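The lines below spell out each chain.
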Amino acid sequence: MEPVLSAAQPSTTPGVAPSFSMDGEFGEFDFIVVSNRLAVDRVVDEHGESSWRRSPGGLVTALAPVMAKADGAWVGWHGAPDETLEPFDEANMRLVPVPLSDEEVELYYEGFSNATLWPLYHDVIASPEFHRTWWDSYQRVNERFAAAAASVAAEGATVWVQDYQLQLVPRLLRQARPDLRIGFFNHIPFPPLEIYAQLPWRRQVIEGLLGADLIGFQRPSDASNFLRCVRRFTGYAIKSQQVQVPAGENGAPAYASRAEAFPISIDTASIAELAQRPDVIERSKEIRRELGDPRHVLLGVDRLDYTKGIGHRLKAYGELLEDGSITVEDAALIQVASPSRERVEQYRLLREDIEGAVGRINGTHDTMKNTAIRYLHHSYPVEEMVALYLAADVMLVTALRDGMNLVAKEYVAARTGNTGTLVLSEFAGAADTLRQAILVNPHDIDGLKSAIVQAVEMPRTEATRRMRLMRRQVVQNDVEQWSRSFLDALQGGGRHDA
């Protein structure tokens, strides 16, 4: 059964994607996750044979057990443009691929999602672009995802929509399937009113999100930002974080949509288990030997993105080398910068800037035996990442703006001996809970330099005390607890009659 698209009957809000209706039948799945990507990756062996394997991301790890228990389906793009696949079963779940054309990847994903929403939601660190063709594509693709979810959802099913690429899906689902219980989680920050106001389609996006019974954010400040925008651009009544959405002109009943913080976490147990494996421990020692066995190893692990503050970190580290606070004989910085959006010009330029800065610092300070910065533009398997965490005495997380930053939590989880020091940006969501880290404003280069020196020189007893408290927090609040708390709230208090 396929949803009947009715493009000739647009919604009452100008510019919102047209609604679609169902033909009266329901799907068979009680729990549906909708995200930009499916929960599996395609792999091709040496013989050219392709197969699927479960994605390693934290979201998949958190929700796979729920899928197995609840007869679940996952709706998302399978990663290849201009290819249509039938639904299939893998990793104890039904996978429902949503096709995207190469043009839609350019307009909806690289365009509106990552050149309009991403910079806007990250405090305009880079300037967002506003193009009507991108918005048109975003609407069409959101409708396609909503239609796919509606087609497989059983009567009264729970649908959990993920992230900024799909902000119109909750309202579209509510219009087509008022029987559903709908949740939405925003993995990135939600900007202050004064920044969000720049978006030409600000009300349409807000009303798209308000289709959900429960809207989750990383930080309480994100939920507050959202509610301020709701009040400003819709005028709807708000009480105790609940938005009273009035009845629709088509007879849809009034309802309440709740906005609340649910900080995401990691699979702490699996990271800790890897950190105690003999081969991973030996690899961590090998990494230090490869660096020349310096007294101090510092580590940065980021996706190559302008929000991560890599340039600020390199500037601070370079100045510490210049003024002699740190020497290449005594310390080494490993900077992992995973490839990101390499088809986008802005990211290619960022890579050139970062690699240029690394080259200048190394050219000035390297010796025949020691390198100031070991720069790695690669992605690594989780075992190598945990070995890096174990090898590093100091973890540098200097994001200019970040929804959460799970690398900070992974580092803490890996330090099973309660050693190591975390330098953490106050603009990352993780700063709300990892308060024993050395918190920094990464824009303050002198302050960042002082924090790095403090981390390097911190007495072992003080570092151990701080790490023990942070590990307790991460262990008690892992990714399973995150998904359970959100879904319990959605089932127990997510829907309210207005």
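Note that this is a predicted model, so its numbers are computed, not measured.

K.L.:
Which parts of the structure should I look at to understand the sheet that holds strand β15 (residues 296–303)?
P.N.:
As a general point, the strands of a sheet are linked pairwise by backbone hydrogen bonds and lie either parallel or antiparallel. One open sheet accounts for 6 strands, arranged β17-β16-β15-β18-β19-β20; its pairing is parallel. Only two strands of the sheet have a single partner each, and these edge strands are β17 (373–376) and β20 (438–440). Between one strand axis and the next, the sheet turns by 20° as a mean value, whatever way the strands run. Across 2 bridges, β15 lies against strand β18 (residues 394–397) in parallel orientation. Its bridge partner being in β18, Leu299 is matched across the sheet by Met395.

K.L.:
For this particular structure, what's the right way to read the pairing of strand β5 (residues 50–54)?
P.N.:
When a strand is regular, its side chains alternate between the sheet's two faces. Where strand β4 (residues 40–44) and β5 come together, 5 bridges link them in antiparallel fashion. Across the sheet, Arg42 pairs through a bridge with Trp52, a residue of β5. Between β4 and the antiparallel strand that follows it, β5, lie 5 residues; Gly48 among them carries a positive phi value of about 85°.

K.L.:
Any chance you could explain the domain arrangement of the chain here in plain terms?
P.N.:
Where the parts come together, the accessible area they lose is often given as the size of the interface. Parsing the chain into structural domains produces domain 1 (29–261) and domain 2 (268–477). A C-alpha centroid distance of 31 Å is found between domain 1 and domain 2. With 19 residues of domain 1 in contact, the opposing surface of domain 2 contributes 20 residues. Buried surface at the junction of domain 1 and domain 2, both sides included, amounts to about 1500 Å², of which 49% is carbon and sulfur. When the area that domain 1 buries against domain 2 is broken down by residue, the three leading residues are Trp118, Ile125 and Arg219, summing to 40%. Across the pair Arg219 and Asp432 runs a salt bridge whose closest N-O atoms are separated by 2.7 Å. The interface formed by domain 1 and domain 2 contains 4 residue pairs in polar contact (both at pLDDT 80 or more).

K.L.:
Just to check I follow, could you spell out the pairing of strand β16 (residues 331–338) for this structure?
P.N.:
Counting buried positions over the 8 residues of β16 gives 8, a clear majority of the element. Burial along β16 is two-sided: Ala331, Leu333, Gln335 and Ala337 facing one way and Ala332, Ile334, Val336 and Ser338 facing the other are all buried. Taken together, β15, helix α10 (residues 310–322) and β16 constitute a β-α-β crossover, and its handedness is right-handed. In terms of strand pairing, β16 meets β17 through 4 bridges, oriented parallel. Paired with Val336 across the strands is Leu376, a residue of β17. Taking the sense of rotation as the criterion, the β-α-β connection linking β16, helix α11 (residues 345–365) and β17 turns out right-handed.

About the cut-offs
Residues numbered from 1 in each chain as written. Predicted model: local features only at pLDDT ≥ 70, side-chain atom pairs only at ≥ 80, totals over all residues. Heavy atoms only, no water. Pairing = 2+ DSSP bridges. Helix = DSSP H or I, 4+ residues; strand = E, 2+ residues; numbered from the N terminus. Axes fitted to C-alpha atoms, helices over the stretch in contact; angles between N-to-C directions. Domains from an automatic or database assignment. Contact = heavy atoms within 4.5 Å. Buried area = accessible area lost by both parts, 1.4 Å probe. Salt bridge = Lys/Arg side-chain N within 4 Å of Asp/Glu carboxyl O. Polar contact = N/O pair within 3.5 Å; in protein donor to acceptor, adjacent residues only side chain to side chain. Buried < 20%, exposed > 50% of the residue type's maximum accessible area, 1.4 Å probe, protein only. Right-handed = clockwise from strand over helix to strand, strands pointing away.

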